[in-house]
Amino acid sequence: DAGNVRDDLWVAGCGVGGTALWLAEWGVDTQGLTLSHREAEKATERARRLGLSDHVSFWAGDYAHTCFSPATFDQVWAVESLCQAEGRAAFVREARRILKPGGTLVVCDWWRVPGQAPTGRDAALLRRWLDCWAIPDLTTVAEFAGLLVAHRFTYMLHRDTTEHIFPSSRRLAGLALLTWPLVPLACRSPEERANHLRAWLQYQALRRGLWKGELIVVGREG
């Protein structure tokens, strides 16, 4: 029963376990939660192969409505997963519930650049990319900060990470462009073929300044 598990850290939207496994390698007792049962199974198998099963476990479920007990974790991490939430307020509320008093919420994600909303071709490019990656919409850091304050979190750290995203974003787009002629042969499913388009669109949107990366660390008030 996940509700009885008490560990140091919870990764919300863990996918196939990359962040949670990295933390476990440092000896942090970690729980990972993903909507996909298949991803949870893959992450569990990866943990077994790496000899990390004593430090990390994976579950399938909704990170905005978990079965963890109140005040379970010292830290909650959401790494490039919160942007896909339909209701970010529900996640913030759940994170506060399962954090211990004085615990820390870490969010590293993609955000809409503040200012005037994009129009014309920029708006179409951004919408096409977001639709490809099943992202309802991007919020600004200021909008998200309002949710944090409303749920009694206090700021500890805020850092722009866009410059660190650019190299990997550019490589991903370049790889997609280089292998585009092979897509009909190598990619059997529509999902696999769509990944090439997604890789190209996300970089074009980043290059045009339509989104940015930000790291936010806040503390849960008692």
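Residues numbered from 1 in each chain as written. Predicted model: local features only at pLDDT ≥ 70, side-chain atom pairs only at ≥ 80, totals over all residues. Heavy atoms only, no water.

In globular proteins that are soluble, nonpolar side chains generally tend to be buried together. With 26 residues, the main nonpolar core has W10, Y63, V76, F91, L105, F144 and L148 as its most contacted residues. Elements represented by at least two residues in this core include exactly β1 (9–12), β4 (73–79), α3 (88–98), β5 (99–112), α5 (141–150) and β7 (211–220). Among the elements that make up this core, the one with the highest residue count is α3 (5 residues). Each residue touching F91, except ones within four places of it in the same chain, is listed here: W10, A12, Y63, A64, V76, A78, L82 and L105. (Core = buried A, V, L, I, M, F, W, Y, C linked by side-chain atoms within 4.5 Å. Buried < 20%, exposed > 50% of the residue type's maximum accessible area, 1.4 Å probe, protein only. Helix = DSSP H or I, 4+ residues; strand = E, 2+ residues; numbered from the N terminus. Contact = heavy atoms within 4.5 Å.)

Now for α5. Along α5, the residues that are buried comprise V141, F144, A145 and L148. Along the long axis of α5, the arc covered by the buried residues comes to 105 degrees, so they all point the same way. Structural note: α5 exposes A142 and A150 on the side pointing more than 90 degrees away from its buried face. Buried residues belonging to α5 abut α3, β5, β6 (153–160) and β7. Just beyond α5, the residue with positive phi is R152, at close to 60 degrees. (Arc of directions from axis to C-beta.)

This brings us to the confidence of the model for the chain. Averaged over all residues, the pLDDT of the chain equals 89, while 90% of them reach at least 70. Long-range and interchain partners of residues 1–6, a stretch whose pLDDT sits below 50, account for 15 contacts in this model, where long-range means more than four residues apart. (pLDDT = per-residue confidence, 0-100.)

The 7 strands lie next to each other as β3-β2-β1-β4-β5-β7-β6, forming an open sheet whose pairing is mixed. Both edges of this open sheet fall to β3 (56–60) and β6, since each of them pairs with a single strand only. Strand-to-strand twist across the sheet, computed as the mean angle between neighbouring axes with direction ignored, equals 15 degrees. Bridging between strand β2 (residues 30–34) and β3 involves 5 bridges; their strand directions are parallel. By the bridge assignment, G32 is partnered in β3 with F58. Packing against the sheet, helix α1 (residues 18–25) makes contact with β1, β2, β3 and β4, and its axis sits at approximately 160 degrees to β3. Its contacts with the sheet put helix α6 (residues 162–178) on β5, β6 and β7, and the angle it makes with β7 is roughly 130 degrees. (Pairing = 2+ DSSP bridges. Axes fitted to C-alpha atoms, helices over the stretch in contact; angles between N-to-C directions.)

Spanning 13 residues, helix α2 (residues 37–49) covers 19 Å between terminal C-alpha atoms, matching the ideal 18 Å at 1.5 Å per step. What α2 keeps buried is the set A40, A43 and A47. Down the axis of α2, the sector holding all buried residues measures 65 degrees, keeping them to one side. Relative to its buried face, α2 has exposed residues pointing more than 90 degrees away, namely R38, E41, R48 and R49. Here the buried face of α2 lies against α1, β2 and β3. Between the side-chain oxygen of the N-cap and the backbone nitrogen of R38 there are 3.2 Å, and the N-cap of α2 in question is S36. At the exit of α2 stands G51, carrying a positive phi of roughly 70 degrees. (Expected span 1.5 Å × (residues − 1). Polar contact = N/O pair within 3.5 Å; in protein donor to acceptor, adjacent residues only side chain to side chain.)

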